[in-house]
Amino acid sequence: MGADKTARAREAAAVVLWRGDAAAPEILWVRRHDRMEFLGGCWAFPGGLRAAGDDDLWVTAARELREELGLALRPVDLTPLARWGTPAYVAQQLDAQYFLAAAPGRLAAAGAPAPEIAAAEIAAAEWIAPDEALARWERGEALVPEPVFQTLRALGAAAGGLHGAEARCAAAAAADPDGHRVEFTPLVRLVVLRSPTLPPATHTTCFIVGDRELCVVDPGSPFPEEQARLDAVLDALAAEGRRVREVRVTHHHFDHVGGVEHLRARLPGVPIAAHRRTAELLAGRVRFDRHIDDGEVLALDAGTPGERRLRAVFTPGHTPGHLCYLEEVTGVLIAGDMLAGAGFIVIDPPEGDMRQYLDSLARLKALAPRAIYPAHGLVIADAAARLDEYVAHRLAREAKVAAALDAATVARRAGAGSGAAGAGATLAELLPVAYDDTPLLLHPIAARSLHAHLLKLQADARAREVAPGRWVGAP
């Protein structure tokens, strides 16, 4: 969230249009289309990247307003409001200048509708009081990135509206220069930590859920400097009178449990919990105080406005003991490694099971989550569509695997001349055909999922392993 530039940050600009009373203004915000890779489904302000021909960010802001909403403002009409940057863990690094601008023409009239949308990346636009926007966020009805949240808070009537808003934004940026604390959804905090995970991911998200009572999910980094970052966030929350009630993990992979024992030492007496199968897989390496059963609900701050309820959802397939956590008040799903912010999850036998994984995806779809928080990548706003996409992707890949296997089987039978399938096709032979759309660099990882598909096809009586590592299509 901080304003510090990085070597790879790209300059961007956004415009906060306002109308009405400067002490209690209405502002125009827009919802980015769900399918946008960067902050899809989130409410923000119109804007975008600086283009090569833009003389400065004032020009960028005016151009973006014209392209996205058809509004003709001059750069001179824009007043600097805030400078925000993206945390290091975000792939698309931005150094964004926010501007204020008075609504032009008929838009300035009370009750006038929002301008018509002129860009595909915007799904909705509306006028709203900043305090009402924050209330919608507090009810879990709107996903709001941290810079937008802080800007809304700085512009609210309770804060003083436009008067002094620039100073309030600067103070918020200085208070958290590295973006350690992020809440797209209220009381579901994201602390993204560098971890030894599979590329292209480089970080694992640790979640801190709750108001006065907190649950920490997936403290995954084993690196001391990253653990110190999480410690700093927890210490700040403790200074506000908040305490950790329990530490949980989604599954046994090291990038999700690497910091568990560190937290045990820092938080004596705080129980650490996981599914029984996860505890068994980590026996002798990580100690758990109790096991979490499918459907168990952890109520935090029960009976208060800040109540959060984490329901454990057993979702084997990626690993045997995988759990997701549905926060029932806001409807958001902490998904572990069931989905990723970009790309798809590796299913790696013997701990990965493709049939179980597809069944678990169907179970998550039935929960109808409002948004999904993966361990790797940003929030997924279009939860139902992304779950459907994951299932469709797996079934399409399964069809390619089956077709490649059938073709190899037919060829071997023809070559054998006696109707036999010969020795069967190996993974190395099937991989270039079934994964012809996958970069060669990723073929070692793709081979794991290929094996998982073959095992599922065998369970479905559509394939058969005739010798170790050699496969034929079902007759």
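Heads up: the structure comes first, above all this text.
Residues numbered from 1 in each chain as written. Predicted model: local features only at pLDDT ≥ 70, side-chain atom pairs only at ≥ 80, totals over all residues. Heavy atoms only, no water.

Trainee: Quick one: what's the story with the sheet that holds strand β17 (residues 323-327), residue by residue and with numbers?
Mentor: Spatial ordering of the open sheet is given by β15-β16-β17-β18-β19, a layout of five strands whose pairing is mixed. Bordering the open sheet on either side are β15 (297-300) and β19 (371-374), each of which pairs with just one other strand. On average, each strand axis in the sheet is inclined to that of its neighbour by 20°, with strand direction left out of account. Of the strand pairs in this sheet, strand β16 (residues 308-314) and β17 are connected by five bridges, and their pairing is antiparallel. For Val-313, the partnering residue across the bridge sits in β17 and is Cys-324. Along the sheet, helix α9 (residues 354-367) makes contact with β16, β17 and β18 (332-336), crossing β16 at roughly 150°. (Pairing = 2+ DSSP bridges. Helix = DSSP H or I, 4+ residues; strand = E, 2+ residues; numbered from the N terminus. Axes fitted to C-alpha atoms, helices over the stretch in contact; angles between N-to-C directions. Contact = heavy atoms within 4.5 Å.)

Trainee: Quick one: what's the story with helix α3 (residues 146-155), residue by residue and with numbers?
Mentor: Among the 10 residues of α3, nine are classified as buried, and the element is accordingly described as predominantly covered. Among all positions of α3, only Glu-146, Pro-147, Val-148, Phe-149, Gln-150, Thr-151, Leu-152, Ala-154 and Leu-155 are buried. (Buried < 20%, exposed > 50% of the residue type's maximum accessible area, 1.4 Å probe, protein only.)

Trainee: Go over the pattern of salt bridges with me, naming the residues and quoting the values.
Mentor: Counted under the stated rule, the structure contains 45 salt bridges. For Arg-363, the salt bridge goes to Asp-294, with nearest N and O atoms at 3.0 Å. Taken together, the positions of Arg-363 in helix α9 and Asp-294 in the loop between β14 (290-291) and β15 put the pair 69 residues apart, joining distant regions of the chain. Salt-bridge contacts for Glu-327 lead to Arg-308; the nearest nitrogen and oxygen are separated by 3.8 Å. Of this pair, Glu-327 sits in strand β17 while Arg-308 sits in strand β16, and the two are 19 residues apart along the sequence. (Salt bridge = Lys/Arg side-chain N within 4 Å of Asp/Glu carboxyl O.)

Trainee: Could you give me a rundown of the packing of aromatic side chains, with the residues and numbers involved?
Mentor: Think of a pair of aromatic rings as described by two things: how far the centres are apart, and how the planes are tilted against each other in angle. Under the defined criterion, the tally for this structure stands at seven aromatic pairs. Both rings, one in Phe-344 and one in Tyr-390, keep their centres 4.8 Å apart while their planes meet at 50°; by these two values the pair is tilted. Placement of the pair is Phe-344 in the loop between β18 and α9 and Tyr-390 in helix α10 (residues 383-416), with a sequence separation of 46 residues. On the basis of relative accessible area, Tyr-390 is assigned to the buried category, the value being 0%. Every member of this aromatic cluster is reached through a ring pair, and the members are Phe-45, Trp-84 and Tyr-98. Over the ring of Phe-223 we find Arg-194; its NZ or CZ atom is 4.3 Å from the centre of that ring. Between Arg-397 and the ring centre of Tyr-435, over which it is positioned, the NZ or CZ distance is 4.2 Å. (Phe/Tyr/Trp six-rings, centres within 6.5 Å; stacked < 30°, edge-to-face > 60°. Lys NZ or Arg CZ within 6 Å of the ring centre and 35° of its normal.)

Trainee: Which residues make up helix α12 (residues 443-459), and what are the values?
Mentor: The end-to-end C-alpha separation of α12 is 24 Å, in line with the 24 Å expected for 17 residues at 1.5 Å each. All of the buried residues in α12 are His-443, Ile-445, Ala-446, Ala-447, Ser-449, Leu-450, Ala-452, His-453, Leu-454, Lys-456 and Leu-457. Once α12 ends, the next one or two residues include Ala-461, with phi positive near 60°. (Expected span 1.5 Å × (residues − 1).)

Trainee: An account of the nonpolar core is needed here, citing residue identities and associated values.
Mentor: Of all hydrophobic cores here, the largest spans 31 residues; its most connected members are Ile-27, Trp-29, Phe-45, Leu-81, Tyr-98 and Leu-152. When contributions to this core are tallied by element, the ones reaching two or more residues are β1 (10-21), β2 (24-32), β3 (43-44), β5 (79-85), β6 (94-102), α2 (130-138), α3 and α4 (165-175). The element best represented in this core is α3, accounting for five residues. In contact with Phe-45, not counting residues within four places along its chain, are Ala-14, Val-15, Val-16, Ile-27, Leu-28, Trp-29, Val-30, Tyr-98, Val-148, Thr-151 and Leu-152. (Core = buried A, V, L, I, M, F, W, Y, C linked by side-chain atoms within 4.5 Å.)

Trainee: Tell me about unusual backbone geometry, residues and numbers included.
Mentor: That bond from Pro-349 to Pro-350 is cis: its omega, 10°, falls within 30 degrees of zero. In this fold, Pro-350 is placed in the loop between β18 and α9. Not every positive phi belongs to a glycine, and Asp-301 is a case in point at roughly 55°. Take Asp-301: it is sitting in the loop between β15 and β16.

Trainee: How would you sum up the packing of helix α11 (residues 427-434) against α12? Please name residues and give values.
Mentor: Where α11 contacts α12, the two axes come as close as 10 Å, and the packing angle between them is 100°. The orientation of α11 relative to α12 falls into the category roughly perpendicular. From α11, Leu-427, Leu-430, Leu-431, Pro-432 and Ala-434 reach across to α12, where they touch His-443, Ala-446, Ala-447, Leu-450, His-451 and Leu-454. When grouped by side-chain class, the residues that make up the contact of α11 with α12 number nine nonpolar, two polar and no charged. (Parallel < 35°, antiparallel > 145°, perpendicular 65-115°, else oblique. Nonpolar A, V, L, I, M, F, W, Y, C, P; charged D, E, K, R; others polar.)

Trainee: Provide a residue-level description of the side chain of His-251, including the pertinent values.
Mentor: Among the secondary structure elements, His-251 is positioned in the loop between β12 (243-248) and α6 (254-257). Engagement of the side chain of His-251 in a polar contact is seen with the side chain of His-253, the distance being 3.3 Å. Separated by 3.2 Å, the side chains of His-251 and Asp-337 make a polar contact. Setting aside chain neighbours within four positions, we find His-251 in contact with His-256, Val-257, Thr-278, His-318, Thr-319, His-322 and Asp-337. (Polar contact = N/O pair within 3.5 Å; in protein donor to acceptor, adjacent residues only side chain to side chain.)

Trainee: Lay out the pairing of β1 with the relevant residues and their values.
Mentor: Here β1 pairs with β6 via nine bridges, running parallel. Within β6, the position partnered with Val-15 by the bridge is Phe-99. Note that β1 and strand β4 (residues 47-49) share three bridges and pair antiparallel. The residue of β4 that forms the bridge with Ala-12 is Leu-49. Examined bridge by bridge, β1 and β2 share four bridges and lie antiparallel to one another. From the neighbouring strand, Gly-20 faces β2, where its bridge partner is Pro-25. In this antiparallel pair of consecutive strands, β1 and β2, the connection spans two residues.

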